[in-house]
Amino acid sequence: MEQPVSTGAKDGQAPLPIGNLVFKLVTNLFLLLLLVLLGGVLGAMVFYVRWDEFVASILDPESLFALKLTAICVTASTALCLVVGIPVAYALSRQQVPLGIVVDTIIDLPLVLPQLIAGIALLMFFQTSLGVWIETHIMGFVYRTPGIVLAIFFPTVSLAVRSMKAAFDGVDRRYEQVARTLGCTETQAFWKVSLPLARTGLVAGTVLTWAYSLGAFGSILMFAGATRYKTTVVPIAIFLNMTTGKITAGLSLTIVLLALAVISLFAFKRLGGRATIA
Amino acid sequence: MIRICGLHKRLGDFAVRGVSLTIAEKEYFVLLGPTGAGKTVLLECVAGLHPVDSGEVLINGQRATFLPPERRNLSYVPQDYVLFPHLSVFENIAFGLRLRRWRGADIERRVHEVAKMLGIDHLLARHPATLSGGEQQRTALARALVTGPTALLLDEPLSALDENTRVQIAAELRSLPEKFGTTVVHVCHSFEEALRVADRVAVIHQGKLVQIGTPDDIFMRPNCRFIAEFMRVKNILPVFSLETGESVARCSLDSSLTLDLPLKPLPDLPALLTVRPENVILEREPSSRVNSFRATVAEVSPLGSSVEIRVTTAGGVGIAALITRQVDKQLSLRPGEEVWVSLPQDALHLLPDRDLPEE
């Protein structure tokens, strides 16, 4: 029988067939290429700006306004995602939802749609009689600061629901069953058992949602506009700076966003977060 | 007392089909059956974790079929205990008491009392992840027993333990009805485990109740071929003829082998005769015992602490005997040698030749 061609193996180790070795090398080569590509592209941007220029740009009142507004709006939107996302995620994780695939598709839709469309959809909603009533009697959203929160929330809530559902999926439902036989109602089992056990996953999901919210652009541009010192969150500020030739100011803010994204993703992974579209 | 009447439940691949049984107060009751028999589904229906398709569950005479689990006063301990990992042993045990709004001092006293009874009072500050299997089992029992439930529902409570701990915990489980005044319903797939702990056993197969009785009933007097095989009765012999005499019943296994049995109602033919291999007596010399006959040794298989000897009668009936190492040493039997076989009357049992009892 023909023997497979093999590399010289050390004592006690099975020889690695050459085909396997080549396959491993090729896949790792692609991994390396992608890392170099991503690192190179992002690095080029970082190294384009000098440190003193970077500090000056960030301390510019317009940049500081953008950073402050972003922090407020992204945090408010993330809080809203939590309030809506936790009950929705729990329901999807624990219940047989009727027309499950339809519900899943609707919930996932904002994730796959261009953010621009989310902005247009919001704009159109506020042209309806219900939207106009909300604008008149509750709060003004269109081209205003609260509109930024809504424009971030709309495309982001799907991701929040998905990552939080993954957190609840990771909690064995028998914990709840045992809690029920020990005297818990369904609500008590949720508060006393499921929520504490899903806590790490929920925190990871919140961090991911917050990080993803930082990048919201199209929906904000469409729904809240790009008015300086009014709706200029960081992505909008970057856009305005780049289109008016203020390259250093735009890149400085980009570096800040990049750093925040890296920190958030790192935290998400350290917390063992899982976000899947399933 | 728990009464289950005509309970039906389908859950994925598992199903319970028309099970009816009654479990007495402070009884240690075992639901026994092979994997996939539906016994866990039955237990979880009693606990209220699944709505039943039809049938009734009564707890202490009250209809509980549609009561949520928290209103049944039954405590459930799953196979791998499912201790709350975010709570200490103390808080795990106190969980049910806090829900019932006990005062702090009373919780403290009761948790210590139950923990002491189960020998885990030194573990109260620890977290479940740091406990051994036996300690986790005792903690789960303490958590379940602390509120004084009507019944304790145990799903395969010994399967995750090593052999030594299993024997020890089995003895502790057996004492629970007396110690805590509670009924215990225990699901398992091992008949040795069932025999060790049960007052009564119900054997479930393919979602149906096949036989119910004392461990001795199930072990010695199976009501169908399935139970006999499940109880590892190796000698399940087809009966050739059956007749009733004046003081004994006579049963023939072939034209040359007739055995005397105690006079009892006899099943109709076709029937099977069962005798456990450990009840078969082998001797080198002819014996004056009843039901004694000559056979030839066909196979000798050492099985650790015992030895299985397979013999064949003149008419070709194969019988397995299980003897101790000591007896094997004395007899020192080899294949092809002749041996005298005796089947004691009280070890013989007749049953209808059916895989499962008639509906």
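Residues numbered from 1 in each chain as written. Chains lettered and ligands numbered in written order. Predicted model: local features only at pLDDT ≥ 70, side-chain atom pairs only at ≥ 80, totals over all residues.

## Observations regarding the overall build of chain A
Tallying secondary structure elements over chain A gives twelve helices and zero strands in all. Going residue by residue from the N terminus, the α and β elements of chain A occur as α-α-α-α-α-α-α-α-α-α-α-α. The C-alpha atoms of chain A give 24 Å as radius of gyration, which overshoots the globular expectation for 278 residues (19 Å, by more than 25%). C-alpha atoms of chain A, sized along the principal axes, occupy 85 × 65 × 30 Å. By the burial criterion, 35% of the 278 residues in chain A qualify as buried. A separation threshold of at least 6 residues defines the contact pool for chain A, and within that pool the share at least 24 residues apart is 77%. (Helix = DSSP H or I, 4+ residues; strand = E, 2+ residues; numbered from the N terminus. Rg over C-alpha atoms; globule rule 2.2 N^0.38 Å. Buried ≥ 20, exposed ≤ 12 C-beta atoms within 10 Å, placed from the backbone. Contact = placed C-beta atoms within 7 Å.)

## Some thoughts on the domain arrangement of chain A
All names here are of chain A. Here chain A is described as being made up of domain 1 (16-48) and domain 2 (50-270). Between domain 1 and domain 2, the C-alpha centre-to-centre distance is 32 Å. Listed as interface residues are four residues of domain 1 and, on the opposing side, four residues of domain 2. When the residues that make up the side of domain 1 that touches domain 2 are grouped by side-chain class, the tally is four nonpolar, no polar and no charged. (Domains from an automatic or database assignment. Nonpolar A, V, L, I, M, F, W, Y, C, P; charged D, E, K, R; others polar.)

## Considerations on the pairing of strand β18 (residues 306-313) of chain B
All names here are of chain B. Pairing of strand β17 (residues 292-303) with β18 involves eight bridges; the strand directions are antiparallel. When the bridges of β18 are listed, Ser301 appears paired with Glu308. Hairpin connection between β17 and β18: a loop of two residues separates the two successive antiparallel strands, and Gly304 in this loop has a positive phi of roughly 80°. As defined by bridge partners, β18 adjoins strand β19 (residues 318-324) across seven bridges and the pair is classed as antiparallel. Its bridge partner lying in β19, Val311 is registered against Ile319. Between β18 and the antiparallel strand that follows it, β19, lie four residues; Gly316 among them carries a positive phi value of about 90°. (Pairing = 2+ DSSP bridges.)

## Details of the packing of helix α9 (residues 186-214) of chain A against helix α12 (residues 247-270) of chain A
Residue and element names in this part refer to chain A. In the contact formed by α9 and α12, the axes pass within 9 Å of each other and the chain directions differ by 165°. Overall, the two elements α9 and α12 adopt an arrangement that is roughly antiparallel. In this structure, the crossing between α9 and α12 has a hand that is left-handed. Mapping the contact onto sequence places Ala204, Val207, Leu208, Trp210, Ala211 and Leu214 in α9 and Leu257, Leu260, Ala261, Ser264, Leu265, Ala267 and Phe268 in α12. (Axes fitted to C-alpha atoms, helices over the stretch in contact; angles between N-to-C directions. Parallel < 35°, antiparallel > 145°, perpendicular 65-115°, else oblique. Left-handed = near helix turned anticlockwise from the far one by under 90°.)

## Structural notes on the interface of chain B and chain A
How big an interface is tends to be reported as the loss of accessible area on association of its parts. Between chain B and chain A, the contact holds 17 residues from the first and 15 residues from the second. Elements with a contribution of two residues or more to the side of chain B that touches chain A: β6 (74-77) and α2 (89-99) of chain B. Classifying every residue of the side of chain B that touches chain A gives ten nonpolar, four polar and three charged.

## Things to note about the confidence of the model for chain B
Residues with a pLDDT of 70 or more make up 99% of chain B, whose mean pLDDT is 90. Reported confidences for the modelled complex are a pTM of 0.79 and an ipTM of 0.81. (pLDDT = per-residue confidence, 0-100.)

## Considerations on the sheet that holds strand β13 (residues 248-254) of chain B
Sheet strands line up and pair through hydrogen bonds in the backbone, either parallel or antiparallel. All names here are of chain B. Across the sheet, three strands lie side by side as β12-β13-β14; this open sheet has antiparallel pairing. Each having just a single partner strand, β12 (241-244) and β14 (257-262) make up the two edges of the open sheet. The sheet shows a mean angle of 20° between the axes of neighbouring strands, direction not considered. Strand direction decides the pairing type here: β13 and β14, joined by six bridges, are antiparallel. Across the sheet, residue Ala249 finds its bridge partner in β14, namely Leu261.

## Observations regarding the sheet that holds strand β11 (residues 235-238) of chain B
Residues and elements named next belong to chain B. Taken in spatial order, the three strands line up as β11-β15-β21 in an open sheet, and their pairing is antiparallel. Taken across any chain shown, the strands that pair with only one partner, and hence form the sheet edges, are β11 and β21 (349-352). The mean angle between the axes of side-by-side strands here comes to 30°, regardless of whether they run parallel or antiparallel. In terms of strand pairing, strand β15 (residues 271-275) meets β21 through four bridges, oriented antiparallel. Directly across from Leu272, in β21, lies its bridge partner Leu351.

## Quick word on helix α4 (residues 100-112) of chain A
The first and last C-alpha atoms of α4 of chain A sit 18 Å apart over 13 residues, in line with the 18 Å expected at 1.5 Å per residue. Ile106 of chain A marks the point of greatest bend in α4 of chain A, at about 30°, and the proline Pro110 of chain A comes within the next four residues. (Expected span 1.5 Å × (residues − 1). Bend = angle between axes of the 7 residues up to and from the residue.)

## A look at the confidence of the model for chain A
Low-pLDDT portions of the prediction should not be read for the details of their coordinates. Residues and elements named next belong to chain A. Averaged over all residues, the pLDDT of chain A is 87; the fraction at 70 or higher stands at 92%. Summarising per-element confidence for chain A, the mean pLDDT is lowest in α4 (86) and highest in helix α8 (residues 173-181) (94). Low pLDDT, under 50, characterises residues 1-8; the predicted model gives this stretch eleven contacts beyond four residues in sequence or across chains.

## Quick look at unusual backbone geometry
Residue and element names in this part refer to chain B. Unlike most non-glycine residues, Asn73 shows phi in positive territory, near 55°. Summarising the element assignment, Asn73 is placed in the loop between β5 (62-63) and β6. Taking the C-beta count within 10 Å as the criterion, Asn73 has 17 such neighbours and is therefore assigned partly exposed. The phi dihedral of Gln206 is positive, around 50°, even though this residue is not glycine. By the secondary structure assignment, Gln206 is in the loop between β9 (200-205) and β10 (208-213).

## Observations regarding the nonpolar core
A general tendency of soluble globular proteins is for nonpolar side chains to be buried together. Ala151 and Ile220 of chain A together with Leu42, Val46, Leu153 and Val185 of chain B are the most contacted members of the largest nonpolar core, which totals 160 residues. If you tally residues by element for this core, the top one is helix α7 (residues 145-169) of chain A, at 15 residues. Ignoring any residue separated from it by four or fewer positions in sequence, one finds Leu42 of chain B in contact with Leu7, Val16, Val19, Leu31 and Ile204 of chain B. (Core = buried A, V, L, I, M, F, W, Y, C linked by C-beta atoms within 7 Å.)

## Re α7 of chain A
Residue and element names in this part refer to chain A. Taking 1.5 Å of rise per residue, 25 residues should cover 36 Å, and α7 covers 36 Å from first to last C-alpha, within 8% of that figure. Most pronounced at Thr156, the bend in α7 amounts to some 45°. With respect to burial, α7 is a largely interior element, 22 of its 25 residues being buried.

## A word on the environment of Gly33 of chain B
Residues and elements named next belong to chain B. Along the chain, Gly33 turns up in the loop between β3 (28-32) and α1 (39-47). Judged by the 28 C-beta atoms lying within 10 Å of it, Gly33 is buried. The contacts of Gly33, once residues within four sequence positions are left out, are Lys39, His189, Val203, Ile204 and His205.

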